[in-house]
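# Chains, contacts and geometry: an overview
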Amino acid sequence: MKEGETKVVNSTPLIDLTEDLKECAKNVYNLNLADSDLKVFGKFDSNLLTGSIKVRPAVHIIHDAIITGKLKSGQTIIEATSGNFGIALGHLSELGLNIVALVSRKLQEGVFEELRNENIRIMDLDMDICPAPGMKDNPNLLAAKATAANIRSQLTELGFEPEIFDKASSEIQSLLASQDIINLAKFLAKIYGCFCPEQYDNELNIDVHRTVTAAEIDQQLHEKGNSLADFSIVCTFGTGGTSGGLSRYLSEKYGKKSLHVVFPLKNQDVAGIRTKDKASGLKLYEPEIYAGQHEVDFEQAKPLLKFFVNKGHDIGESSALALYAVMQIANFGGGGKFVIIIADGIQKYKKNLEAMSKKQNRTQVSLQEAVSNVGDYDRVIWIHTQYTPREEGIEIIAKSLGVDKSKISVPKARTVEQLLATQQIPEELSEALQGSKGKSLLVCMAGNTSLMAVKVLAGKGIVTESLNGGISELPQAKGRQIPELIKIATE
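Residues numbered from 1 in each chain as written. Predicted model: local features only at pLDDT ≥ 70, side-chain atom pairs only at ≥ 80, totals over all residues. Heavy atoms only, no water.

This paragraph deals with the nonpolar core. Side chains that are nonpolar tend, in soluble globular proteins, to be buried together. If you look at the biggest cluster of nonpolar residues, it comprises 60 residues, and the most contacted ones within it are Leu 21, Leu 304, Phe 308 and Ile 315. In terms of residue count, the dominant contributor to this core is helix 13 (residues 317-333) (9 residues). Among all residues touching Leu 21, those that are not within four sequence positions of it are Leu 38, Val 40, Leu 304, Phe 308, Leu 323, Val 326 and Met 327. Formed by 28 residues, the second largest nonpolar core is a distinct cluster that contains Phe 41, Leu 259, Ala 279 and Tyr 285. (Core = buried A, V, L, I, M, F, W, Y, C linked by side-chain atoms within 4.5 Å. Buried < 20%, exposed > 50% of the residue type's maximum accessible area, 1.4 Å probe, protein only. Helix = DSSP H or I, 4+ residues; strand = E, 2+ residues; numbered from the N terminus. Contact = heavy atoms within 4.5 Å.)

Listed below in structure tokens is the structure:
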């Protein structure tokens, strides 16, 4: 630290994750990062009192509101939240604050449990979306009217006067029609004389990460003999406060852009964070100050989440996405130095992780199950050590599953033989699987070879399923001579 600089105390841990990430890359994803020039630290804000990074802006905003008189004794706080900020406010309720959380999507059960444990009064809007700044197109007036009636009922149960709501019902319905939950929270706070922290618009959300979080990371790296000047910081996007504050610190102190923001793919639901399209309407989304933006498939990151949790690391879904992004960056770029923001821990998502593990442990599916969930597969792979399907066989597989023929891959028989003999993934098959964004369905003659392949791949952390009965059990194949559908592989 330079003379005159303030030393941060009680920092959350900065833990070296390099070797664990390399091990995960090798054992789970068949990627060799052993010789890469890679250094990865995790900033474990999951160790904070509320179990998430959101307690930082929550305390900063509420403290400012109290000392400036914006929040007065006995005044109720109303805020829209997807979980962690509401949980953080709930801890502050011990100061005598009354909290009403507008929950604007169907949260995971563990998140709801923690919100209830903090004695927060919850208003469930029954909308399966993140708190949003508003949709410009296709407002749903009929649904808005029904939701408004539901909100009125819940407010009345919480002791708010329904007459005040009725006078403003047209404005409320308009906000609901455009799914503008962020401004709905502000509007309800205004008409009922409550305080809204406005986490999605509040510059204090940025300020706390610029002055505290970034300073902690800088100091901790210095104590470990490193310099933040040589590192990139990687985080996911929730409100934009973390990315904005860290970016400003890096720019002000080191004169560079080195903050990378990670998003899940469009329409993927990752707890507490946004897809890129849902971030673009937010005030604190500032892509011009980021070094990079990365859209990452959460399905591919799930095995990493399980690996790190089993290693004893307290990381949540968003942190797994950020770690997976860094692994891919390192794989294609030959290494790098990174600090990853571990924004929250696994506790709230344990049931999700257990369900994920059960789903991943399922190895064999019936034709009916495969057809019902065909959207889960982005590739169908023929697996056999001796035979390959003829053109007619490929057509029968495609028609039976309801997919296009182009979706079916046929690796060479010797590639499959190598997979089963060595228990290692050959390059040809590795390329096919890595090109797959989601799960693959393996098909063979009668289901035995594909089932063996599934088990080998599962040991590498790759989720695939075997079609029970193989091609011989497909309705269009029954009564046909198998040689009409398959041939002996000659290469």
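One non-glycine residue with positive phi stands out, namely Glu 198, at about 55°. With respect to the helices, strands and loops of the structure, Glu 198 is situated in the loop between helix 8 (181-192) and helix 9 (203-223). Using a relative accessible area of 33% as the deciding quantity, one classes Glu 198 as partly exposed. At Gln 423, a position not held by glycine, the phi torsion is positive, near 60°. As for its placement among the helices and strands, Gln 423 is situated in the loop between helix 17 (413-422) and helix 18 (427-434).

Moving on, we come to the sheet that holds strand 4 (residues 98-103). Strands sit in the order 3-4-5 across an open sheet of 3 strands; the sheet is parallel. In this open sheet, the two strands that pair with only one neighbour each are strand 3 (76-81) and strand 5 (121-124). On average, adjacent strands in this sheet sit at an angle of 20° to one another, irrespective of strand direction. Note: strand 4 against strand 5, 4 bridges, orientation parallel. If you follow Val 103 over to strand 5, its bridge partner there is Asp 124. Lying on the sheet, helix 3 (residues 84-92) is in contact with strand 3 and strand 4; it crosses strand 3 at an angle near 155°. (Pairing = 2+ DSSP bridges. Axes fitted to C-alpha atoms, helices over the stretch in contact; angles between N-to-C directions.)

Mapped onto the secondary structure, Ser 52 falls in the loop between strand 2 (37-44) and helix 2 (55-68). Ignoring any residue separated from it by four or fewer positions in sequence, one finds Ser 52 in contact with Asp 45, Asn 84, Ala 343 and Asp 344.

Taken as a whole and assessed by the stated rule, the structure comprises 8 aromatic pairs. Between the aromatic rings of Phe 41 and Phe 231, the centroid separation amounts to 5.9 Å while the plane-to-plane angle is 45°, which identifies the pairing as tilted. Taken together, the residues span a long stretch of sequence, with Phe 41 in strand 2 and Phe 231 in the loop between helix 9 and strand 6 (232-236) at a distance of 190 residues. By relative accessible area, Phe 41 is classed as buried at 4%. Consider the rings of Phe 160 and Tyr 192, whose centres lie 4.9 Å apart with planes at 70°: the pair is edge-to-face. Here Phe 160, found in the loop between helix 5 (141-157) and helix 6 (162-167), pairs with Tyr 192, found in helix 8; they are 32 residues apart in sequence, far enough to count as distant. In textbook terms, an aromatic cluster arises when at least three aromatic residues are bridged by ring pairs, as seen for Phe 237, Phe 263, Tyr 285 and Tyr 290. (Phe/Tyr/Trp six-rings, centres within 6.5 Å; stacked < 30°, edge-to-face > 60°.)

Time to look at the environment of Thr 18. Mapping Thr 18 onto the fold places it in helix 1 (residues 18-29). Considered as a pair, Thr 18 and Lys 39 are 21 residues apart in the sequence and their alpha carbons are 5.4 Å apart. Filtering out sequence-adjacent residues up to four positions away, Thr 18 remains in contact with Leu 38, Lys 39 and Val 40. In this structure the side chain of Thr 18 is engaged in a polar contact, spanning 2.9 Å, whose partner is the backbone nitrogen of Val 40. (Polar contact = N/O pair within 3.5 Å; in protein donor to acceptor, adjacent residues only side chain to side chain.)

Right, let's talk about the packing of helix 12 (residues 298-310) against helix 13 for a bit. Orientation of helix 12 relative to helix 13, taken along the N-to-C sense of each, is 105°, at an axis distance of 8 Å. With respect to their mutual orientation, helix 12 and helix 13 come out roughly perpendicular. Of helix 13, the residues touching helix 12 (which contributes Phe 298, Gln 300, Ala 301, Leu 304, Leu 305 and Phe 308) are Glu 317, Ala 320, Leu 321, Leu 323 and Tyr 324. Of the residues assigned to the contact of helix 12 with helix 13, the class counts are 9 nonpolar, 1 polar and 1 charged. (Parallel < 35°, antiparallel > 145°, perpendicular 65-115°, else oblique. Nonpolar A, V, L, I, M, F, W, Y, C, P; charged D, E, K, R; others polar.)

If you walk across this open sheet you meet the 6 strands as 1-2-9-6-7-8, and the pairing is mixed. The strands lining the two open edges of the sheet, one partner per strand, are strand 1 (14-16) and strand 8 (292-296). Strand-to-strand twist across the sheet, computed as the mean angle between neighbouring axes with direction ignored, equals 25°. Taken together, the 4 bridges between strand 6 and strand 7 (residues 259-264) define a ladder with parallel strand orientation. Paired with Thr 236 across the strands is Val 262, a residue of strand 7. The strands touched by helix 9 are strand 1, strand 2, strand 6 and strand 9 (335-342); relative to strand 2, the strand with the most contacts, the crossing angle is about 130°. Its contacts with the sheet put helix 10 (residues 241-254) on strand 6, strand 7 and strand 9, and the angle it makes with strand 7 is roughly 160°.

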